[in-house]
Amino acid sequence: VDASRPTRKIVLERVAARLERDHGTDVVSIPHRAPVYEGLSELTRGTNAFTGATKQKRSIARRPTGVYGRLRATRPGEYLLLDTTPLDVFAMEPLTLRWVGVELTIALDLYSRCVTGLRLSPVSTKSVDAALVLYEAITPDSSTLTGSGIVPYHGVPTAVIVDADRIDIPGLPDVDPETMVIDHGKIYLSQHLLSVCARLGVSIQPARPYTPTDKAPVERFFRTLSEGLLEALPGYKGPDVYSRGKTSEDEAFYFLPELERIIREWVATIYHRRPHEGLLDPAAPGVQLSPLEMFEHGVARAGRLRVPSRKDLMYDFL
């Protein structure tokens, strides 16, 4: 599993040598090449032993052996998944005017699959970036900070007084996270982020090492983002070096804030509003729900919790 990829020829030679060692010379007959290769392909199907990326081979080998279990959220905010991934596009850093790779950090509500906070970082992500994603996830209205409208609080104040300027503004909903599911990255296990969670009373639930199935919804969102948006943008470089074009850097002209604004608009207007296969209501199994509809379903079902907002709340995250 952890070795470099061998060729089929050397694997078969090792098999023949082991047969000769265990049973003697010419005791076990070796079949012809065609059925041997066919049997080898059947034995290694779905393991990435001879095809695909070797990193994916290690991930496949570490899958659970039994039936997959999953976290089952009963209301919005019960589980908040945080993760970071390098994007398959280049962008331009606005201060140094250099072409750089970018990393996306998001907070995903497990119950509704809504993206409640996101942030683009040049080159690599810092702990303060993860903290600010969490800040956006719990802030009812951060439009002055992020440049995009946030879905307003679904409570008595907005039901009594409706602000005409905030009708149909696309944005990201806010939740009061009870448990945050993270991996073992340094930015998530830093004193910075852990102290923020301790101050807010948010429980930390680390995923198991090298087990991407523990955060399967957020990993699937990254794939949806790449296939649904990033591959249509200039500067798209593909998922790996074997898929990269010849002059991908010459096509990139989006600055980091522009790229983040495009991703926010796509999340708010397309991803949040189209039916999601992973969202089902047990009482109505045939109904297709979008993340925003599931979010409203959870609010109507379990109520809405908010973190009390104050002017100096951001200092707790910095």
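Just so you know, these numbers come straight off a predicted model, no measurement behind them.

## Focus: unusual backbone geometry
So, point 1. Even without being a glycine, aspartate 26 presents a positive backbone phi close to 60°.
So, point 2. Among the structural elements, aspartate 26 can be located in the loop between helix 1 (8-23) and helix 2 (33-43).

## Side note on the sheet that holds strand 2 (residues 99-109)
So, point 1. As summarised here, the arrangement of the five strands in space is 3-2-1-4-5, forming an open sheet in which the pairing is mixed. Because the sheet does not close on itself, it has two edges, and the strands there are strand 3 (115-122) and strand 5 (203-206). Going from strand to strand, the sheet's axes swing by 30° on average, the running direction of each strand aside.
So, point 2. Across the sheet, helix 10 (residues 256-269) lies against strand 1 (79-92), strand 2 and strand 3, angled at about 160° from strand 3, the strand it touches most.

## What about the packing of helix 1 against helix 2?
The description of two helices packed together rests on the angle between their axes and the distance between the axes.
So, point 1. Between helix 1 and helix 2, whose axes approach to 11 Å, the crossing angle comes to 100°. What the angle tells us is that helix 1 and helix 2 run roughly perpendicular. When helix 1 is examined against helix 2, the residues Arg8, Lys9, Val11 and Leu12 are found in contact with a partner set consisting of Val36, Tyr37, Leu40 and Ser41.
So, point 2. Across the contact of helix 1 with helix 2, the residue classes tally to five nonpolar, one polar and two charged.

## Let's talk about the side chain of threonine 84
So, point 1. As for its placement among the helices and strands, threonine 84 is situated in strand 1.
So, point 2. Among the polar contacts made by the side chain of threonine 84, one reaches the side chain of threonine 105 at a distance of 2.9 Å.
So, point 3. Reaching out from threonine 84, the side chain makes a polar contact with the side chain of tyrosine 188 at a distance of 2.4 Å.

## Some thoughts on the packing of aromatic side chains
So, point 1. As enumerated under the stated definition, the model contains five aromatic pairs in all.
So, point 2. Aromatic side chains phenylalanine 221 and tyrosine 271 sit 5.0 Å apart centroid to centroid with 70° between the ring planes, which places their arrangement in the edge-to-face category. Of this pair, phenylalanine 221 sits in helix 8 (residues 216-228) while tyrosine 271 sits in the loop between helix 10 and helix 11 (291-302), placing them 50 residues apart in sequence.
So, point 3. On the basis of relative accessible area, phenylalanine 221 is assigned to the buried category, the value being 3%.
So, point 4. Feature note: the residues Phe221, Phe222, Trp266 and Tyr271 constitute an aromatic cluster, connected by ring pairs.

## What about the nonpolar core?
So, point 1. In this structure, Leu87, Ile106, Leu259, Ile263 and Val267 are the most contacted members of the largest nonpolar core, which totals 34 residues.
So, point 2. Taken together, the elements giving at least two residues each to this core come down to strand 1, strand 2, strand 3, helix 8 and helix 10.
So, point 3. When neighbours within four sequence positions are excluded, leucine 87 is seen to be in contact with Val102, Leu104, Leu120, Leu225, Leu230, Lys237 and Ile263.
So, point 4. Met180, Leu193, Val299 and Leu313 belong to the second largest nonpolar core, which has 26 residues in total.

## What about the pattern of salt bridges?
So, point 1. Taken as a whole and judged by the stated rule, the model has twelve salt bridges.
So, point 2. Salt-bridge contacts for arginine 199 lead to aspartate 316; the nearest nitrogen and oxygen are separated by 3.7 Å. A residue pair is termed long-range when its members are at least 10 positions apart, and arginine 199 in helix 7 (residues 191-200) and aspartate 316 in helix 12 (residues 313-317) qualify at 117 residues.
So, point 3. Assessed through its relative accessible area of 58%, arginine 199 is described here as exposed.
So, point 4. One salt-bridge network, in which partners are shared between bridges, spans Arg75, Glu78 and Glu178.

Thresholds applied
- Residues numbered from 1 in each chain as written.
- Predicted model: local features only at pLDDT ≥ 70, side-chain atom pairs only at ≥ 80, totals over all residues.
- Heavy atoms only, no water.
- Helix = DSSP H or I, 4+ residues; strand = E, 2+ residues; numbered from the N terminus.
- Pairing = 2+ DSSP bridges.
- Axes fitted to C-alpha atoms, helices over the stretch in contact; angles between N-to-C directions.
- Contact = heavy atoms within 4.5 Å.
- Parallel < 35°, antiparallel > 145°, perpendicular 65-115°, else oblique.
- Nonpolar A, V, L, I, M, F, W, Y, C, P; charged D, E, K, R; others polar.
- Polar contact = N/O pair within 3.5 Å; in protein donor to acceptor, adjacent residues only side chain to side chain.
- Phe/Tyr/Trp six-rings, centres within 6.5 Å; stacked < 30°, edge-to-face > 60°.
- Buried < 20%, exposed > 50% of the residue type's maximum accessible area, 1.4 Å probe, protein only.
- Core = buried A, V, L, I, M, F, W, Y, C linked by side-chain atoms within 4.5 Å.
- Salt bridge = Lys/Arg side-chain N within 4 Å of Asp/Glu carboxyl O.

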